[in-house]
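# Geometric and topological summary
The chain contents come next:
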There are 2 protein chains.
Amino acid sequence: MPLLFQYRGAVSMAYYEERQGREEPRAPDDQAVSFPPEGRKRVVIEEVRPAVECGSHPAKAIAGDPRTVEARVFADGHDRVRAVLCYRRAPAPYERASPGGHPKDRAFPERARREHQSGNAAESTATAALSQEWEERPMKPLGNDYYRGTFIPDQVGRYEVKVRGWIDRFATWQSGLGKKVDAGVDVTVELLTGGNLAAEAAEAAEAAATARDGEAAEDADRLAELSRIMLDTSLPEPARVDVARSTELERLVEAYLPRRFVSEYAPAVPVWADPPRARFSAWYEMFPRSTATDRLRHGTFHDTIELLPYVRRIGFDVLYLPPIHPIGRTKRKGRNNALIPAPDDPGSPWAIGSDEGGHTSVHPELGTIEDFDALVAAAREEGLEIALDIAFQCSPDHPWVKEHPEWFRARPDGTIQFAENPPKKYEDIYPLDFETEHWRELWSALRDVFLFWMDHGVRTFRVDNPHTKAFSFWEWCVGELRARDPEVVLLAEAFTRPAVKYRLGKLGFSQGYTYFAWRPTAHEMRAYVEELTTPPVVDIFRPNFWPNTPDILHEILQNGGRGAFIARLVLAATLSSNYGIYGPAFELMEHAPREPGSEEYLNSEKYEIRFWDRDAPYSLSRLIATVNAARNAHPALQRTDNVRFHNVDNDALLCYSKVSNDLQDVVLVVVTFDYRNEQMGWVEFSPAAVGLPHALPFVVRDLLTGEDFEWGDYWNFVKLDPYDRPAHILHLRRD
Amino acid sequence: MPLLFQYRGAVSMAYYEERQGREEPRAPDDQAVSFPPEGRKRVVIEEVRPAVECGSHPAKAIAGDPRTVEARVFADGHDRVRAVLCYRRAPAPYERASPGGHPKDRAFPERARREHQSGNAAESTATAALSQEWEERPMKPLGNDYYRGTFIPDQVGRYEVKVRGWIDRFATWQSGLGKKVDAGVDVTVELLTGGNLAAEAAEAAEAAATARDGEAAEDADRLAELSRIMLDTSLPEPARVDVARSTELERLVEAYLPRRFVSEYAPAVPVWADPPRARFSAWYEMFPRSTATDRLRHGTFHDTIELLPYVRRIGFDVLYLPPIHPIGRTKRKGRNNALIPAPDDPGSPWAIGSDEGGHTSVHPELGTIEDFDALVAAAREEGLEIALDIAFQCSPDHPWVKEHPEWFRARPDGTIQFAENPPKKYEDIYPLDFETEHWRELWSALRDVFLFWMDHGVRTFRVDNPHTKAFSFWEWCVGELRARDPEVVLLAEAFTRPAVKYRLGKLGFSQGYTYFAWRPTAHEMRAYVEELTTPPVVDIFRPNFWPNTPDILHEILQNGGRGAFIARLVLAATLSSNYGIYGPAFELMEHAPREPGSEEYLNSEKYEIRFWDRDAPYSLSRLIATVNAARNAHPALQRTDNVRFHNVDNDALLCYSKVSNDLQDVVLVVVTFDYRNEQMGWVEFSPAAVGLPHALPFVVRDLLTGEDFEWGDYWNFVKLDPYDRPAHILHLRRD
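Presented here is an overview of the structure given in this document. (Residues numbered from 1 in each chain as written. Chains lettered and ligands numbered in written order. Predicted model: local features only at pLDDT ≥ 70, side-chain atom pairs only at ≥ 80, totals over all residues. Heavy atoms only, no water.)

## Side note on helix α10 (residues 369-381) of chain A
Think of an α-helix as turning once every 3.6 residues; residues three or four places apart then point the same way. All names here are of chain A. Here is the rule we go by: Comment: elements are numbered from the N terminus, with helices defined as DSSP H or I runs of at least four residues and strands as E runs of at least two. Residue count minus one, scaled by 1.5 Å, sets the expected span of a helix. Only protein chains enter the accessibility calculation, which uses a 1.4 Å probe; a residue is then buried when its area is under 20% of its type maximum, exposed when over 50%, and partly exposed in between. By definition, the arc is the one covered by directions from the helix axis to the C-beta atoms. By definition in these notes, contact holds between two residues if any of their heavy atoms fall within 4.5 Å.
Taking 1.5 Å of rise per residue, 13 residues should cover 18 Å, and α10 covers 18 Å from first to last C-alpha, within 8% of that figure. Of the positions making up α10, those classed as buried are D371, F372, L375, V376, A378 and A379. One side of α10 holds all its buried residues, which, seen down the axis, span an arc of 165°. Facing away from the buried surface of α10 by more than 90 degrees, the exposed residues are E370 and E381. In this structure, the buried side of α10 is in contact with α9 (301-313), β11 (318-321), β12 (385-390) and α12 (439-455). Immediately beyond the C-terminal end of α10, within one or two residues, lies G383, with a positive phi of roughly 75°.

## Details of the state of the cysteines
Rules: Defined by distance alone, a disulfide is two cysteine sulfur atoms within 2.5 Å.
Per the stated rule, a full pass over the model turns up 1 disulfide over all chains. We note that C477 of chain B lacks a disulfide partner, and the nearest cysteine sulfur, in C394 of chain B, lies 15 Å from it.

## What to know about the side chain of R568 of chain B
All names here are of chain B. The following threshold applies: Think of it this way: Lys and Arg go in the positive column, Asp and Glu in the negative one, and His and the chain ends go nowhere. Put simply, a salt bridge is a Lys or Arg side-chain nitrogen that is within 4 Å of an Asp or Glu carboxyl oxygen.
Examined against the element boundaries, R568 turns out to sit in helix α16 (residues 555-575). The charged side chain of R568 is buried without a salt bridge, its nearest counter-charge being E524 at 8.1 Å. Non-local contacts of R568, meaning those with residues more than four positions away in its chain, are made with F516, A517, R519, P520, M525, P547, I556, L557, F673 and Y675.

## Description of the pattern of salt bridges
Per the stated rule, a full pass over the model turns up 118 salt bridges over all chains. A salt bridge links E47 of chain B to R72 of chain B, with the shortest nitrogen-to-oxygen separation between them at 3.3 Å. Of the two residues, E47 of chain B is situated in strand β1 (residues 43-49) and R72 of chain B in strand β3 (residues 67-75); the sequence distance between them amounts to 25 residues. With a relative accessible area of 9%, R72 of chain B lands in the buried category. Taking the shortest distance from any N to any O, the salt bridge between E385 of chain B and R459 of chain B comes out at 2.3 Å. Residue E385 of chain B is located in strand β12 (residues 385-390), and its partner R459 of chain B is located in the loop between α12 (439-455) and β17 (460-464); the two are separated by 74 residues in the primary sequence. On the basis of relative accessible area, E385 of chain B is assigned to the buried category, the value being 11%. Residue R459 of chain B is classed as partly exposed on the basis of its relative accessible area of 25%. Among the charged side chains, a salt-bridge network with shared partners connects R42, D76, D79 and R260 of chain A together with R409, D433 and E435 of chain B.

## Focus: the sheet that holds strand β7 (residues 146-151) of chain B
Applicable threshold: Paired strands, as defined in this entry, are two strands with at least two bridges between them according to DSSP. Every angle, taken between N-to-C directions, lies between 0 and 180 degrees, and every axis is a line fitted to C-alpha atoms, over only the stretch in contact when it is a helix.
A sheet is described by the order of its strands in space; here 4 strands give the open sequence β1-β3-β7-β6 (chain B), paired in antiparallel fashion. Since the sheet does not close on itself, it has two edges, and those belong to β1 and β6 (140-143) of chain B, each with one partner. Neighbour-to-neighbour, the strand axes of this sheet turn through a mean angle of 35°, independent of strand direction. The pairing of β6 of chain B with β7 of chain B spans 3 bridges and is classified as antiparallel. Each bridged residue has a counterpart across the sheet, and for P141 of chain B the counterpart in β7 of chain B is Y147 of chain B. Of the strands in this sheet, β1 and β3 of chain B are in contact with helix α14 (residues 498-506) of chain A, which crosses β3 of chain B at around 70°.

## Focus: unusual backbone geometry
Cis geometry marks the peptide bond from R49 of chain A to P50 of chain A, where omega comes out at 15°. Here P50 of chain A is to be found in the loop between β1 (43-49) and β2 (59-62). Not every positive phi belongs to a glycine, and K331 of chain B is a case in point at roughly 55°. Judged by its relative accessible area of 46%, K331 of chain B is partly exposed.

## Some details on the sheet that holds β1 of chain A
Within the open sheet, the 4 strands sit side by side as β1-β3-β7-β6 (chain A). Their pairing is antiparallel. Only two strands of the sheet have a single neighbouring strand rather than two, namely β1 and β6 (140-143) of chain A. Strand-to-strand twist of the sheet, defined as the mean angle between neighbouring strand axes without regard to direction, takes the value 35°. Across the sheet, helix α14 (residues 498-506) of chain B touches β1 and β3 (67-75) of chain A, and the angle it forms with β3 of chain A is around 70°.

## Digging into a negative patch on the surface
Residues and elements named next belong to chain A. Inclusion rule: Patch definition: residues with relative accessible area over 30% and no salt bridge; like charges joined within 9 Å; nonpolar side chains (Val, Leu, Ile, Met, Phe, Trp, Tyr) joined within 5 Å. Calculation of accessible area relied on Shrake-Rupley with a 1.4 Å probe; when residues are assessed, cover is drawn exclusively from the protein chains displayed. One atom stands in for each charge, and that atom is NZ of Lys, CZ of Arg, CG of Asp or CD of Glu.
Taken together, E203, E206, D213, E215, E218 and D221 make up a surface patch of like negative charges. Going through the elements one at a time, α5 (188-210) and α6 (214-231) are the ones with two or more residues in the negative patch. Looking at which element gives the most residues to the negative patch, the answer is α6, with 3 residues. For E203, a relative accessible area of 61% translates into the label exposed.

## A closer look at the environment of P498 of chain A
For P498 of chain A, the location among the structural elements is in helix α14. For P498 of chain A, a relative accessible area of 23% gives the class partly exposed. Along the primary structure P498 of chain A and V537 of chain A are separated by 39 residues, whereas in three dimensions their C-alpha atoms are 9.9 Å apart. Leaving out residues up to four positions away in the same chain, P498 of chain A has contacts with Y515 of chain A together with R72 and N144 of chain B.

Okay, here's the thing in structure tokens:
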């Protein structure tokens, strides 16, 4: 009986649930046949979104934001169907009262696994104990048997979603009656049927009333009255029909009529609600060693503290620091990645570890751990998050190399395997061996690196090349970190193939770097953003757009001039609600490559200390501040999934709009992709296209210049010029 | 730890499997942390096709045909990955040794369910006992991390599929070595690594050899020798490199090198292999009561037997009979669906049941059950399958109405609810109430109707309006029928919304009626066939194309004339390997509607007995025979999923080709959709486009006329004329 195998299907899950402690039902002819315990559940539920890989991974949501749920819900025959979504807070699969946890907590995940694998986590007392009751939200038909509803996870953490469906007896009856009346067919019997339905609802209301619900008591009386009218054949039929078709009857009956044979899609679909800062954030990357106010010194955490007001003033809320750990000396790289360093070359911060310590130590020249704590505290004062760079790799001088040689791969000649991408060799770096026999110890040590910095007040991490570490490790580690603090936010630096990038999103990375920098044309940019903002990707991956990083100086910025910097900044900051820049190099428009054709910076800060003149007259800091101010002032720009593209009759221009959830805030952006020539064209935009009332003319204000434009038609002329005005950020005025 | 919840993911399933009877691993720091038992499985497996609704329903396959399996398989880092599919015969979830079965069999499904829900069916001894060992087939990369392989289910029944993946240590090493050698990098250590890999493979071969495998013994020696060469630093490096890069080494090592840390996608994905006649069949629908050779008599089963040679001669292999049961008298419909019948009107065969019996009785005027048995036997003689019409509905005179009033819905006035689609009423039909308290008895009775006719030699059923009966019933019933005879074939007559049609396919219906008749243009037809022949639909639904049925006389046939009949026949018969016609009405080109705008036949056989002059000079029987002969002679036409459309520069024409699995048989079809005017155009077809060697000129033979055409280019001119030649069926000559 295939049914038995369908424990994910609605009917079959119901089958399983009702089997609890039951006798296998018997066929009347006494021939043993496995019937489902309730064969009268006629509604089928399929294609529940957002079930990621059949619910194997939690889909992404944001605490406090509406989360959409969709499903295909239908039944046999012509009866009307009703669908609701049910949701509740669920315990994280591995929840601990405190780091380490106590036995009960430790036992939990085992229990949860068993219960989940038995397909019954939802009903398990263990889970129930740790979670709330199911809340219900209506789902509305979208046509073609699709239904949609939304719920709002109120806290950060794990949620569960189910979809339920049943035959709507009343709606089925009322619509049938209506058609018959309109067709002049006799409805004597139909009125009796309706009267009985109302009576049944009245009884249910009565029952609710006894549970001390005043309103229900009134409703019960009213329902009984309406029922009597419909059943009273001595009354004139038209009057009874009016009652039968009344919205009052509809409202009351739908409120109380018991649901019969409810189908449920189970097991519950997991959803993880991240904190709002996972949705909306502006990152500023800065090397703390280059923060000295004169070029003679190695910058310190104290110098960094001095710069916090600047970073905040230009509108960023995350300050991301490349690795702050002791830097190895063996095979250290010199300036511009030279194989032979000069004696005073500081080396790359990503060559982590020396006899001064490893991943839980700070580079002495930056200061002490207390200085770091002071930086974190000062940043919090300024309303800034400190994001650390977690790069799980070691210099040959890293303490782990001596203490745990078993965590590295040995070569047949007894040496340790260095990093390589044949034929390239990176002898200053030893990768960790995730196939080591001692992987449990390794995993624990790596997790403890995160926990160490979390204990020092860091809740945001940029993870270096996570796709070169085992997925199973990340899966486990993310759970461990969330058990410590569900507010932790992880940005994955994985510039790799789509399946790999998205896998990291499924495993719990809150955000990921993207191909943004390599989308040079309006057409490519639109196609890419559309991929990122539609299912399945939108449910598992949150983009973070970076026009530049210390590793990425795209040809556009090398040759595009100021216009290119401004245009790419506006695109990153308004297309994606999460974006970042590699700071000083960006606002000072650093654009010389190490050599022609390279995306590496000349005199890259990765290999030397730089001095940045933030007061330079040509700095983009004022513009950046303006763009960030627009982001902070406009809810429309604080989401990514609400982007909507509009027609432009010029391929060099891209036009898109964003609207806030409450429709009160509308921002329209037009950007040029031509950094040499003036481009003009007609853009099509009507308020109605984004769900607002038709209105002509309407006024848009350019948030970059403060200018107002009155648009008298739905097609409007724009002219963009890389030297003067590479972009519009237009706010639709409502006053 | 999200891992725990991922029992469908590769890593996590592995996790589960290895936990069997194990202690929860402990972290070294003695802090209890749930680790997966094997954290070194680095390969991830996703998007396994054909998993239908996460494996809740078996995907469709055909015994003896290759079944494609695809998956996304990838790992962290840059290592090479290998993937294989594993398959095996599995017991049907509800398998019975004999009807009724014995306790052990009856117990089985319960066991299977538990084991499956514990995610471990594959390993369960219970299952293993009833199934074979896993067979393995290679999967080849398609790019973008997708892999594809095929297997051939050798019998009718249920199969299970898994996908396994692991890091290919040897290929990773060999490609790295190659790059280094080409770049002139020193490879001393790499050669040692390779030597060790070869040695490891040699050991494995040795072990295999001890298991008395002569070839393995040779291979072991050769591997040891190659290993020695690579490890012998006294030999010249070039020679050792040659060995290292040799395909011989590659072949030998890949054959024996032990796989480490193998990931597996589980639980197994179910696949149901139908008999080949579910893939390829030509149906002929005929009312047995209209088979008398003179117009004065009610036709009988014996008259039907007389017509079998004709049906066979024109090339059909399934003879489908509308219901053959006693017909009700109460509210019987007259000719042309008149509400008041004439005394001698025979009524509709779908108004099933009278005091002469119900669904397991035959209409006396057709003959006795013995006569029916004779018909089945004679049909088998002719190589014809008899298909019965299963219509689960009752006339008011059906014995069940008296014996089981509880199976019908009572109205408040005590009468039984008749069928209706408000405001329309069908008072000659009582629908069964699938919400009856006594649904188990009802289900059993309905199943027994199938079993009764199966006991009389029928293995093919056309099910009338299955979408108006509960899906849970069909799910159960199909399992019951397959337990009796897995060769049973069910055709679903569900003209309804896509989700509902496809659901029936998932529940096990072998074939389904389609919207073919309502695709009047070449563009619509192409789009529809492409939907049917690509995932997900192609994995769950097998179309059966009907140009006409007793319920469907499309406007095309009403007004299109002979050209329309021929064109629609060719489309149905060559686009879909399963097709059928409502016989005599089609070959005699019956085309008068009951009234303008209706798709009902005038003087429909549904309500009266008709006499058909099959010898009429204008009969299409000869053409039909030719088309069916082409189908039977050409394997290319015996599948549906191999259709491939080709460009034509005229929207009134449709051009497509089909190629057999072995590429030996190629058929190209061109059909006109204009039934009034001659249409001409250029069609683009090159043998290379269907995987054959480029060849010009090539010769195509029209299987309808026998003409040969030499095509000297890849664009060729065709001219179709509804009156003379509405279609080409061209066979690519290989001689």
